[in-house]
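Per-entry structural report
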Amino acid sequence: MTASVAAALPHGDRWFDDGLYTSVTDVAHRSPGWLDTAVSVWSTYGLFLFGALLLAAWWRARPSGSARAALALAAPLAVLAGFVVSTGLKALLREQRPCQTLHTVTVEVCPALGDWSLPSNHAVLAAAVAATLLFTDRGLAALAVPAAVAMGASRVWVGAHYPHDVVLGLAVGAGVAWALMAGARRATAPVAERLGTTRFAPLVAKR
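With that settled, consider a nonpolar patch on the surface. A surface patch of nonpolar side chains, about 380 Å² in accessible area, is lined by Leu77, Leu80, Phe83 and Val84. Relative to the helices and strands, phenylalanine 83 resides in helix α5 (residues 67-93).

Rendered as structure tokens:
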């Protein structure tokens with residue numbers, strides 16, 4: 001749906017989850033300032049945690065000759081692929097931010113017109129990291145999966161996204177990363193073995 005078509009729709013017919021979005025932003029508006037600040041900080045900076053989890057998964061997967069370490073090295077590429085797919089979908093779907101189309105007070109300043117909303121890039125990246133960790137470090141994945149859901153929820157709370165933006169973002173990020181990691185898993189053993197005989201051996205083995 002293009003922005004011009006979306007703008008022509010009656011307010012009440014914009015999206016099926018308009019009511020859920022406005023209910024969440026209304027709760028956020030009535031919540032204590034410290035809570036809104038905490039959610040906003042998580043929404044803005046929480047992706048750094050996911051980057052740290054990727055690094056930790058690689059570091060923990062470096063026993064000698066570890067194919068899992070080689071797979072952990074591929075994880076950032078799977079996450080990047082999810083982001084590329086998300087960017088393409090944004091340009092195709094061209095959905096305006098809900099804070100631009102609905103009358104509601106939001107925790108954060110609304111992004112400018114043309115900063116498309118569907119899917120949520122934050123949700124895509126968080127879910128992609130969580131999906132890669134299911135292949136490389138189940139212990140860290142147990143932290144990343146609920147953190148990805150919390151990241152998505154925070155984007156609705158601060159007013160940046162509709163709930164369906166987040167749901168699609170989680171699905172895109174997890175789906176793309178899962179597919180690529182499943183394919184990469186077949187190649188990691190020979191890659192790890194080859195790297196182990198080069199100067200890049202520390203990438204897949206403790207020294």
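Now that the structure is up, let's keep going.
Below, the discussion takes up the packing of aromatic side chains. Summed over all chains, the structure comprises four aromatic pairs. Aromatic pair tyrosine 21 and tyrosine 162: ring centres 5.7 Å apart, planes at 50°, arrangement tilted. Highlighted residues: tyrosine 21 in helix α2 (residues 18-30) and tyrosine 162 in the loop between α8 (138-157) and α9 (163-185), separated in sequence by 141 residues. In this structure tyrosine 21 comes out as buried when scored by relative accessible area, which is 0%. The class of tyrosine 162 is buried, set by a relative accessible area of 0%. Here the aromatic rings of tryptophan 58 and tryptophan 59 are separated by 5.8 Å at their centres, their planes lie at 65°, and the arrangement is edge-to-face.

The α-helix winds at 3.6 residues per turn, so residues separated by three or four positions along the chain end up facing the same way. A rise of 1.5 Å per residue sets the reference length of helix α4 (residues 47-60), with its 14 residues, at 20 Å; its end C-alpha atoms lie 20 Å apart and thus fit the reference within 8%. Of all the residues in α4, the buried ones are Phe50, Leu53, Leu54, Ala57 and Trp58. Burial along α4 is one-sided: seen end-on, the buried residues are contained in an arc of 135°. Across from the buried face of α4, at angles greater than 90 degrees, the exposed residues are Phe48, Leu55 and Trp59.

Below, the discussion takes up the state of the cysteines. What we call a disulfide is simply a covalent bond connecting the sulfur atoms of a pair of cysteines. Per the stated rule, a full pass over the model turns up one disulfide. Disulfide pairing places cysteine 99 opposite cysteine 110 at an S-S distance of 2.1 Å. Linking cysteine 99 and cysteine 110, the disulfide has an S-S dihedral of approximately 75° and is accordingly described as right-handed. Here cysteine 99, found in helix α6 (residues 98-101), pairs with cysteine 110, found in the loop between α6 and α7 (121-136); they are 11 residues apart in sequence, far enough to count as distant. With a relative accessible area of 14%, cysteine 99 lands in the buried category.

A few words on α9. The end-to-end C-alpha distance of α9 is 33 Å, a good match for the 33 Å that 23 residues give at a rise of 1.5 Å each. Turning to α9, its buried residues are Pro163, His164, Asp165, Val166, Gly169, Val172, Gly173, Val176, Ala177 and Met181. Against α2, α5, α6, α7 and α8 lie the buried residues of α9.

Where α5 meets α9, the closest approach of the two axes is 8 Å, and the angle between their N-to-C directions is 140°. Of the possible angle classes, the one that applies to α5 and α9 is oblique. Where α5 crosses over α9, the handedness of that crossing is right-handed. For the pair formed by α5 and α9, the contact residues are Leu71, Ala74, Ala75, Ala78, Ala81, Gly82, Val85, Leu89 and Leu93 on the first element and Leu168, Val172, Val176, Ala177, Leu180, Met181, Ala184 and Arg185 on the second. Its residues placed into classes, the contact of α5 with α9 shows 15 nonpolar, one polar and one charged.

Residues leucine 118 and proline 119 are joined by a peptide bond in cis, for which omega reads 0°. We note that arginine 94 has phi near 50°; this positive angle belongs to a residue other than glycine. You can see arginine 94 is positioned in the loop between α5 and α6. Assessed through its relative accessible area of 33%, arginine 94 is described here as partly exposed.

Before going further, it helps to examine the nonpolar core. For soluble globular proteins, the rule of thumb is that nonpolar side chains tend to be buried together. With 23 residues, the main nonpolar core has Phe50, Val129, Leu133 and Met181 as its most contacted residues. Counting only elements with at least two residues in this core, the list comes to α4, α5, α7, α8 and α9. Ranked by the residues each element gives to this core, the list is headed by α7, at seven residues. Ranked by size, the runner-up nonpolar core spans seven residues in total, among them Cys99, Val156, Tyr162 and Val166.

Calculation notes
Residues numbered from 1 in each chain as written. Predicted model: local features only at pLDDT ≥ 70, side-chain atom pairs only at ≥ 80, totals over all residues. Heavy atoms only, no water. Patch = residues over 30% accessible without salt bridge, like charges linked within 9 Å, V, L, I, M, F, W, Y side chains within 5 Å. Areas by Shrake-Rupley, 256 points an atom, 1.4 Å probe, with all protein chains shown as cover. Salt bridge = Lys/Arg side-chain N within 4 Å of Asp/Glu carboxyl O. Helix = DSSP H or I, 4+ residues; strand = E, 2+ residues; numbered from the N terminus. Phe/Tyr/Trp six-rings, centres within 6.5 Å; stacked < 30°, edge-to-face > 60°. Buried < 20%, exposed > 50% of the residue type's maximum accessible area, 1.4 Å probe, protein only. Expected span 1.5 Å × (residues − 1). Arc of directions from axis to C-beta. Disulfide = S-S within 2.5 Å. Contact = heavy atoms within 4.5 Å. Axes fitted to C-alpha atoms, helices over the stretch in contact; angles between N-to-C directions. Parallel < 35°, antiparallel > 145°, perpendicular 65-115°, else oblique. Left-handed = near helix turned anticlockwise from the far one by under 90°. Nonpolar A, V, L, I, M, F, W, Y, C, P; charged D, E, K, R; others polar. Core = buried A, V, L, I, M, F, W, Y, C linked by side-chain atoms within 4.5 Å.

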